[in-house]
Amino acid sequence: MKKINPPYSWLTISLWGICFICHFKTFAQAKETPKQRIAAFYKWYGKTDAIPFEGDCYEADGIDITKIDTKCVQKYIKSIETTGLFSSLYIKGLQQEFVSKQSEIKKKGFADGIDYDRYTLSQDPPTEKDLLLALNKTSTSAINGNKAKVVVNLKKPYKVTYIYSLDLENNVWKLSKIELK
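Anyway, here's the lowdown on the structure attached to this text. Predicted, not measured: the structure shown is a model, and the values here were computed from it. (Residues numbered from 1 in each chain as written. Predicted model: local features only at pLDDT ≥ 70, side-chain atom pairs only at ≥ 80, totals over all residues. Heavy atoms only, no water.)

**So, the state of the cysteines**
Note the threshold: Only a pair of cysteine sulfur atoms within 2.5 Å qualifies as a disulfide here. To qualify as a helix, a DSSP run of H or I must reach at least 4 residues; to qualify as a strand, a run of E must reach at least 2; elements of each kind are numbered from the N terminus.
Counted by the stated rule, this structure contains one disulfide. Between the sulfur atoms of Cys57 and its disulfide mate Cys72 the distance is 2.2 Å. The disulfide joining Cys57 to Cys72 has a torsion of about -70° about its S-S bond and is therefore left-handed. On the criterion of sequence distance, the pair formed by Cys57 in the loop between α2 (34–46) and β1 (58–61) and Cys72 in helix α3 (residues 70–81) is long-range, its members being 15 residues apart.

**Overview of the environment of Asp61**
The line we're drawing: With a 1.4 Å probe rolled over the protein chains alone, any residue whose accessible area is under 20% of its type maximum counts as buried; one over 50% counts as exposed, and the rest are partly exposed.
Positionally, Asp61 belongs in strand β1. What makes Asp61 exposed here is its relative accessible area of 60%. Sequence separation of Asp61 and Gly113 is 52 residues, and the distance between their C-alpha atoms is 9.6 Å.

**As for the pairing of strand β6 (residues 160–169)**
Regular strands show a simple pattern: their side chains alternate between the two faces of the sheet. Formally: One requirement defines pairing of two strands: DSSP has to find at least two bridges between them.
Within β6, nine of the ten residues are buried, which leaves it mostly tucked inside the rest of the structure. Sheet topology places strand β5 (residues 147–154) next to β6; eight bridges connect them, and they run antiparallel. Within β6, the position partnered with Val152 by the bridge is Tyr162. Taking the residues between adjacent antiparallel strands as the criterion, β5 and β6 are bridged by five residues. Pairing of β6 with strand β7 (residues 172–180) involves eight bridges; the strand directions are antiparallel. Directly across from Glu169, in β7, lies its bridge partner Val172. The turn linking β6 back onto β7 is made up of two residues, and Asn170 within it adopts a positive phi angle of 50°.

This is the structure we're talking about:
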C-alpha cells in the first residue's frame, strides 16, 4: 500500500492555525483590562487596614526623616509587591527612593519626608467610592502593546486628574506610575 503524505497546503494551514491559537491564548490571558486593574487598585486602596504605613519605618523631626528602619522598609516593600498591583518598575523605583533617602541622611543628617498619601498624591485623599465613580464615568484608557494609560477625571470632592501608567507583566496589567494633573 502506498503511503500518502498530507498536502503541503494542509500543513501550512495547520501551522498558521497553531500560531494563531497560541497568539490568541497569550492575548486572552490578560484577564483584566487596564481599567479593571485600576478598579482593583482602588478597592485595595479603600481597605485602609490593608495598606501598610511607610511612616512606621521612619524616625522624623517634623516631616524631615532622620533615621530609616531598613527591615521595616523591606517588609513594607514586600507587602506592596505581594498585592500584585504594582509593576517591577514601580517596586524598583520605590526601593531606589528609600536608598536615596538613606544616602541623604548620611550626607545631611536628614532627608525630605513625604507629607501626602503616596497612592493619591494628596493630603486629603478622595474616597474609594469617589474614585470608582470617576473611573466608571469620566475615564479613558489607551493600550499600546504592553503599555497602557488610564486617565481618571475626578470632579468630586475636588477637581483633579489622575494618570495611571501600567505595564503588562506575565499577562497582568500592573501599575508602574501614578501622576496627578
